[in-house]
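Results of the structural survey
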Amino acid sequence: MNIILLKHGKKYTSDDVNRQAEKLVNYADYPIFCLTEDPKDVIIECIPIPNKPKLMRWWNKLHVFRHDFVLPGRCVMFDLDIDIIDNPFPYIESIDWRVPHFMKDYWKEDMYWKSHAYETMLNSSIMAWTSYRNTEIWDKFSRNIDYNTRKYAGIDRYIWDYNFNYKTFDNKIHETIIL
């Protein structure tokens, strides 16, 4: 399994990447990579964010669903703004790797939903997938990037609204992190 940390723009630093990588090595012996346009001072191996199409912020996560994504096999991505306080890998390793998995914000189930707001219970703070599968997520997005990035406030709402084939982790994964 490949572990990926995404660093883009100026919001997070190499220190944020290095700190998250150091936490993760306490729980797993998998290779850890940083998907970034700026590898300066990152202590783990970096892979470049594709130049084209140029995406902003969290939209860069969708590059992992491309048919030409650089890392093969099983992958898991952790956001840099989550605090890992216990081992999340038992909830990750046991998934059905044929479909991507995301966290579910189960506490939103009883909320009032405004359909025009594209609200979602999907949470991509941790996501797992097998490379070269489910490329329709990227394909649909890339056919109209401007429309999708304007319509949706993030990839969670994009994936939720298009109802792609995905599953969610066991809710107990929330006990291993602080959002």
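The structure under discussion appears in the preceding block.
In this report, we go over the structure that sits alongside the text. Just so you know, the residues in each chain are numbered from 1, in the order the chain's sequence is written. Totals for whole chains, interfaces and linings use all residues, but because this is a predicted model, local features are given only for residues with pLDDT of at least 70 and pairs of side-chain atoms are given and counted only at 80 or more. Side-chain metrics rest on all non-hydrogen atoms present in the structure, leaving aside hydrogens and water.

**Looking at the overall build of the chain**
Going along the chain from the N terminus, every DSSP run of H or I of four or more residues is numbered as a helix, and every run of E of two or more is numbered as a strand. Looking only at helices and strands, the chain has 5 helices and 9 strands in total. Ordering the α and β elements of the chain from the N terminus gives β-α-β-β-β-β-α-β-β-α-α-α-β-β. Both definitions apply: the radius of gyration is a C-alpha atom measure, and the globule rule equals 2.2 Å times residues to the power 0.38. The C-alpha radius of gyration of the chain comes to 16 Å, within 12% of the 16 Å expected for a compact globule of 179 residues. Seen through its principal axes, the chain has C-alpha atoms that stretch 45 × 35 × 30 Å. The buried label applies to any residue whose accessible area, calculated with a 1.4 Å probe on protein chains only, is under 20% of its type's maximum; exposed applies above 50%, and partly exposed to all values in between. Here the chain holds 179 residues, and the buried ones make up 49% of them. Excluding contacts between residues fewer than 6 apart, the proportion of contacts in the chain whose partners are at least 24 apart in sequence is 74%. A 1.4 Å probe and the Shrake-Rupley method give the accessible areas. Residues count as covered only by the protein chains that appear here. Of the roughly 9,400 Å² of accessible surface on the chain, a fraction of 47% belongs to carbon and sulfur atoms. Throughout, a residue-residue contact means that at least one pair of heavy atoms, one from each residue, lies within 4.5 Å.

**Some points on the pattern of salt bridges**
What makes a salt bridge here is a side-chain nitrogen of Lys or Arg within 4 Å of a carboxyl oxygen of Asp or Glu, nothing more. One pass over the full model with this rule turns up 9 salt bridges. When the shortest N-O distance is used, the salt bridge between Lys23 and Asp83 registers 2.5 Å. Here Asp83 lies in strand β5 (residues 83-84) and Lys23 lies in helix α1 (residues 14-24), a separation of 60 residues in the sequence. One salt bridge in this structure joins Lys151 and Asp161, with 3.8 Å as the shortest N-O distance. Taken as a pair, Lys151 in helix α4 (residues 145-151) and Asp161 in helix α5 (residues 155-162) lie far apart in primary sequence, 10 residues in all. Residue classification places Lys151 among the partly exposed positions, given a relative accessible area of 26%. Shared partners join several salt bridges into a network, and the residues in it are Asp96, Arg98 and Lys167.

**Details of the sheet that holds strand β4 (residues 74-78)**
Strand pairing is assigned whenever DSSP detects at least two bridges linking the two strands. As summarised here, the arrangement of the 7 strands in space is β3-β2-β1-β4-β7-β6-β8, forming an open sheet in which the pairing is mixed. Every interior strand has two partners, whereas the edge strands, β3 (45-48) and β8 (167-168), have only one. In this structure, strand β1 (residues 2-7) lies alongside strand β2 (residues 32-36), joined through 5 bridges in parallel fashion. Pairing of Leu5 across the sheet is with Cys34, part of β2. Only the contacting stretch of a helix is used when fitting its axis, a line to C-alpha atoms as for every element, and angles between N-to-C directions run 0 to 180 degrees. Strand contacts of α1: β1, β2 and β4, with the helix running at about 160 degrees to β1, the strand carrying the most contacts.

**Looking at the environment of Trp97**
Along the chain, the position of Trp97 falls in the loop between α2 (89-93) and β6 (101-104). Trp97 sits in the buried class, given a relative accessible area of 7%.

**Side note on the packing of aromatic side chains**
In this scheme Phe, Tyr and Trp rings, the latter by its six-membered ring, pair at centre separations within 6.5 Å, and the angle between planes marks the pair as stacked below 30 degrees, edge-to-face above 60, and tilted otherwise. Counted according to the given criterion, the structure contains 14 aromatic pairs. When the ring of Trp59 is compared with that of Phe141, the centres are 5.2 Å apart and the planes differ by 10 degrees; the resulting orientation is stacked. With a gap of 82 residues between them, Trp59 in the loop between β3 and β4 and Phe141 in helix α3 (residues 136-143) connect regions that are remote in the sequence. Judged by its relative accessible area of 3%, Trp59 falls in the buried class. Here Phe141 falls in the buried class, since its relative accessible area comes to 0%. Each ring, one from Phe65 and one from Trp129, has its centre 5.9 Å from the other, and the planes form 50 degrees; the classification is tilted. With a gap of 64 residues between them, Phe65 in the loop between β3 and β4 and Trp129 in strand β7 (residues 122-130) connect regions that are remote in the sequence. In this structure, Phe65 and Trp129 share a single accessibility class: buried. Every member of this aromatic cluster is reached through a ring pair, and the members are Trp59, Trp138, Phe141, Tyr152, Tyr158, Tyr162 and Phe164.

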